[in-house]
Amino acid sequence: MPAKVTGAEGTAASATTSVPEPRRSVLSTGTLYRGREGMWSWVLHRITGVAIYFFLLVHILDTALIRVSPEAYNAVMESYKNPVMGIGELFLVGAVGFHALNGLRIILVDFWKVGTRHHRTMFWGVLGVWAVLMIGFTPRHLMNVFGG
Amino acid sequence: MTATIDAPRSPYAQTKRGVNWEKWGWIYMRASGIMLVVLIFGHLFVNLMTGTGISQIDFGFVAGKLADPFWQIWDTLMLWLALIHGANGMRTLVNDYVSRPGTRRLLHGALAASTVVLLVLGTLVIYTFDPCPAGADPSLVASFCEGL
């Protein structure tokens, strides 16, 4: 009769457990960070923020011309009324609208109890409200620019 | 050798004293952001959506607005809140992307200097502005200048 096997040796002798193959990762195998909605909202917030900042610098200076003379102010305002600038204003208002709505989303993520859980849904909400605002603004503005 | 061991769960030593400026900057971005949503959406609506939008903006239009204390305060708030919000945002970007201390100092200095200059300029323009400048072409100034 064989001696009773104990300890590690015993475990090794009886271990025939089959280990399943590791599941293949569903994540990308690349090294590029793909952060989906969270990352894109961050990227867009930065790009629109920088664009708005540089416009703001110019806008304070062009408005300051109102203190110089009516002619000087009207001359610079004429440049805002040409069609190319009119399209530029569309992009500017779009950037301001996105930055504003996404800023409110950031505040909700920070302060709303379940904000982090719903940040993705809120990003799509931001895009939805933004689209509605732009659908309202775009025809009106294009009429004012091109309608004479 | 003796070592002093803190009692468990005692609060760790405060490493920095004084005002936590980063925290106040963080709070400022959110507080000013909420106000700017109202101020800038209102600004865009009145200037670009009512009347004939961008086509109506000239010396007379802006003079008519700036003759009213309501718009003076509105524009002052917008100027200060937006420029500081934008400059602080740009500071964040400089901190993120500029690693050389000298370049960083230079850019921080440029941001601070341009912010101060534009705040002073903009505020002076709003409060020293004369909507009916003496000797101005009557066809360029606001209609209420006729009675003066």
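Residues numbered from 1 in each chain as written. Chains lettered and ligands numbered in written order. Predicted model: local features only at pLDDT ≥ 70, side-chain atom pairs only at ≥ 80, totals over all residues. Heavy atoms only, no water.

A. Representation of the overall build of chain B within the structure. The secondary structure content of chain B amounts to 4 helices and 0 strands. Taken from the N to the C terminus, the helices and strands of chain B come in the order α-α-α-α. In summary, chain B has a C-alpha radius of gyration of 24 Å against a globular reference of 15 Å for 148 residues, an excess of more than 25%. By principal-axis analysis of the C-alpha atoms, chain B measures approximately 90 × 35 × 25 Å. For chain B, the share of sequence-separated contacts (at least 6 apart) that also reach a separation of at least 24 residues comes to 66%. (Helix = DSSP H or I, 4+ residues; strand = E, 2+ residues; numbered from the N terminus. Rg over C-alpha atoms; globule rule 2.2 N^0.38 Å. Contact = heavy atoms within 4.5 Å.)

B. Spatial organisation of the interface of chain B and chain A. Opposite the 45 residues of chain B that make contact, chain A presents 40 residues. Carbon and sulfur atoms supply 74% of the area buried between chain B and chain A, which totals about 3,400 Å² over both sides. By the criterion of area lost to chain A, the three top residues of chain B are Met49(B), Ile54(B) and Phe59(B), representing 17% of everything that side buries. Here chain B and chain A share 2 salt bridges between them. A salt bridge links Asp110(A) to Arg30(B), with the shortest nitrogen-to-oxygen separation between them at 2.5 Å. Along the contact surface separating chain B from chain A lie 11 residue pairs in polar contact (both at pLDDT 80 or more). Only α1 (21-49), α2 (59-66), α3 (69-97) and α4 (101-128) of chain B provide two or more residues apiece to the side of chain B that touches chain A. For the side of chain B that touches chain A, the element with the most residues is α3(B), which contributes 11 residues. Tallied by class, residues from the side of chain B that touches chain A come to 29 nonpolar, 12 polar and 4 charged. (Buried area = accessible area lost by both parts, 1.4 Å probe. Salt bridge = Lys/Arg side-chain N within 4 Å of Asp/Glu carboxyl O. Polar contact = N/O pair within 3.5 Å; in protein donor to acceptor, adjacent residues only side chain to side chain. Nonpolar A, V, L, I, M, F, W, Y, C, P; charged D, E, K, R; others polar.)

C. Representation of the nonpolar core within the structure. Among the nonpolar cores identified, the biggest contains 27 residues, and Ile66(A), Tyr73(A) and Phe59(B) are the most heavily contacted of them. At the level of elements, α3 (70-80), α4 (83-111) and α5 (119-146) of chain A together with α1, α2 and α4 of chain B are the ones that each hand at least two residues to this core. In terms of residues, this core owes the most to one element, α2(B), which gives 4 residues. Beyond its immediate stretch of four places on either side in the chain, Tyr73(A) contacts Asp62(A), Thr63(A), Leu65(A), Ile66(A), Ile57(B), Asp58(B), Phe59(B) and Val62(B). Among the nonpolar cores identified, the runner-up in size contains 20 residues, and Leu56(A), Val94(B), Leu111(B) and Leu119(B) belong to it. (Core = buried A, V, L, I, M, F, W, Y, C linked by side-chain atoms within 4.5 Å. Buried < 20%, exposed > 50% of the residue type's maximum accessible area, 1.4 Å probe, protein only.)

D. Geometry of the pattern of salt bridges. A complete count under the given rule lists 6 salt bridges over all chains for this structure. Residues Arg46(A) and Asp96(B) are paired through a salt bridge, measuring 2.5 Å at the closest nitrogen-oxygen approach. In this pair, Arg46(A) sits in helix α2 (residues 36-64) while Asp96(B) sits in helix α3, so the two residues belong to two different chains. Asp96(B) gets classed as partly exposed once you look at its relative accessible area, which sits at 44%. Residues joined by salt bridges that share partners form a network here, namely Arg36(A), Glu37(A) and Arg120(A).

E. Up close: the packing of aromatic side chains. Counted according to the given criterion, the structure contains 8 aromatic pairs over all chains. Seen from their ring centres, Trp71(B) and Trp74(B) are 5.1 Å apart, and the 55 degrees between their planes marks the pair as tilted. Taken together, the positions of Trp71(B) and Trp74(B), both in helix α3 and 3 residues apart, correspond to about one turn of that helix. Residues Trp71(B) and Trp74(B) agree in their burial class; the two are buried. Taken together, the ring pairs in this structure connect Phe98(A), Phe123(A) and Trp124(A) into an aromatic cluster. Between Arg30(B) and the ring centre of Trp26(B), over which it is positioned, the NZ or CZ distance is 4.0 Å. The lysine or arginine in question, Lys65(B), covers the ring of Trp71(B), its NZ or CZ lying 4.4 Å from the ring centre. (Phe/Tyr/Trp six-rings, centres within 6.5 Å; stacked < 30°, edge-to-face > 60°. Lys NZ or Arg CZ within 6 Å of the ring centre and 35° of its normal.)

F. Fine view of the UniProt feature "transmembrane region" (unreviewed entry) in chain A. Residue and element names in this part refer to chain A. On the UniProt side, "transmembrane region" (unreviewed entry) is annotated at positions that read residues 43-66, 86-109 and 121-138 here. In the segment residues 43-66, helix accounts for 92% and strand for 0%; the C-alpha atoms at its two ends are 36 Å apart. What you have in residues 121-138 is 100% helix and 0% strand, and the ends, taken at the C-alpha atoms, are 25 Å apart. (UniProt positions renumbered as here; feature names shortened; annotations may be inferred.)

G. Main features of the UniProt feature "transmembrane region" (unreviewed entry) in chain B. Residues and elements named next belong to chain B. According to UniProt, the feature "transmembrane region" (unreviewed entry) maps to residues 33-57 and 106-129 in the numbering used here. In the segment residues 33-57, helix accounts for 68% and strand for 0%; the C-alpha atoms at its two ends are 26 Å apart. Helix makes up 96% of residues 106-129 and strand makes up 0%, while its end C-alpha atoms are separated by 34 Å.

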